[in-house]
Amino acid sequence: PVDVVYTLELIALDVPGATNAWLPRAGLTVETRRLPGDASAETWDEALALWERAGEAAGRAFAEQVFGGLPPHEPAADFLVRFQGWLRIGQAGEYALATVSDDASFLSLDGRRIAAWPGQHGPEEGVFGQRHGVVALKKGIYRFDYLNVQFGAGYRVVAAWRRPGEKSFEVIPASAFVSAD
């Protein structure tokens with residue numbers, strides 16, 4: 001018989017106060033946490049502080065992409081959702097990355113803050129990529145992070161891009177995320 005050994009490559013994260021923090025180098029995950037009271041998400045830093053204060057996860061799963069209109073886990077109101085994973089850039093060039101959301105959302109690559117739509121709002125004023133940032137990217141794999149703060153009920157999240165040479169935004173397809181398969 002042949003022994004088969006599977007290994008999962010892990011990277012360590014420098015997270016203050018965290019122990020044994022690690023992230024797989026493939027896949028896109030989605031995690032939901034309950035929104036703490038006295039919440040405000042007018043800035044990236046406020047949203048990240050809410051995430052830390054929220055404590056344990058209400059639910060975790062793999063996701064194909066950042067595109068949805070139904071909360072991924074309970075609760076159905078007053079929650080935070082965070083998508084984290086690895087985005088593959090196949091062509092170097094200037095990319096516009098956009099967020100469309102019901103309430104606050106923030107998108108970063110490799111810790112670099114790219115797009116933000118803070119505060120409480122509906123998704124209508126962002127459906128054509130109005131809430132975007134532009135970044136020059138080399139071919140490669142980037143750490144992807146998308147944080148949404150949902151106040152009350154309702155839920156819409158979309159991460160979109162306009163690739164080099166393209167005129168309009170499209171939802172970042174599942175094929176652009178490094179698969180965990």
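This write-up is about the structure you can find in this document. (Residues numbered from 1 in each chain as written. Predicted model: local features only at pLDDT ≥ 70, side-chain atom pairs only at ≥ 80, totals over all residues. Heavy atoms only, no water.)

The next thing to look at is the sheet that holds strand S11 (residues 140-150). Taken together, six strands build an open sheet; the order of strands is S4-S3-S6-S11-S8-S9 and the sheet is antiparallel. Edge positions in the sheet fall to strand S4 (59-63) and strand S9 (112-117), since each of these pairs with one other strand and no more. The average undirected angle you get between the axes of adjacent strands in this sheet is 15°. The pairing of strand S8 (residues 105-109) with S9 spans five bridges and is antiparallel. In the sheet register, serine 105 faces S9, and the bridge partner there is tryptophan 117. Across the face of the sheet, helix H1 (residues 44-54) comes into contact with strand S3 (28-34), strand S6 (79-89), S8, S9 and S11 while running at roughly 110° to S6. (Pairing = 2+ DSSP bridges. Helix = DSSP H or I, 4+ residues; strand = E, 2+ residues; numbered from the N terminus. Axes fitted to C-alpha atoms, helices over the stretch in contact; angles between N-to-C directions. Contact = heavy atoms within 4.5 Å.)

Counting buried positions over the seven residues of S3 gives five, a clear majority of the element. Bridge count for S3 against S4 is five bridges, and the pairing is antiparallel. Among the inter-strand pairings, glutamate 31 is bridged to a residue of S4, identified as arginine 60. Bridge count between S3 and S6: seven bridges; the pairing is antiparallel. Looking across to S6, one finds that threonine 32 is bridged to valine 81. (Buried < 20%, exposed > 50% of the residue type's maximum accessible area, 1.4 Å probe, protein only.)

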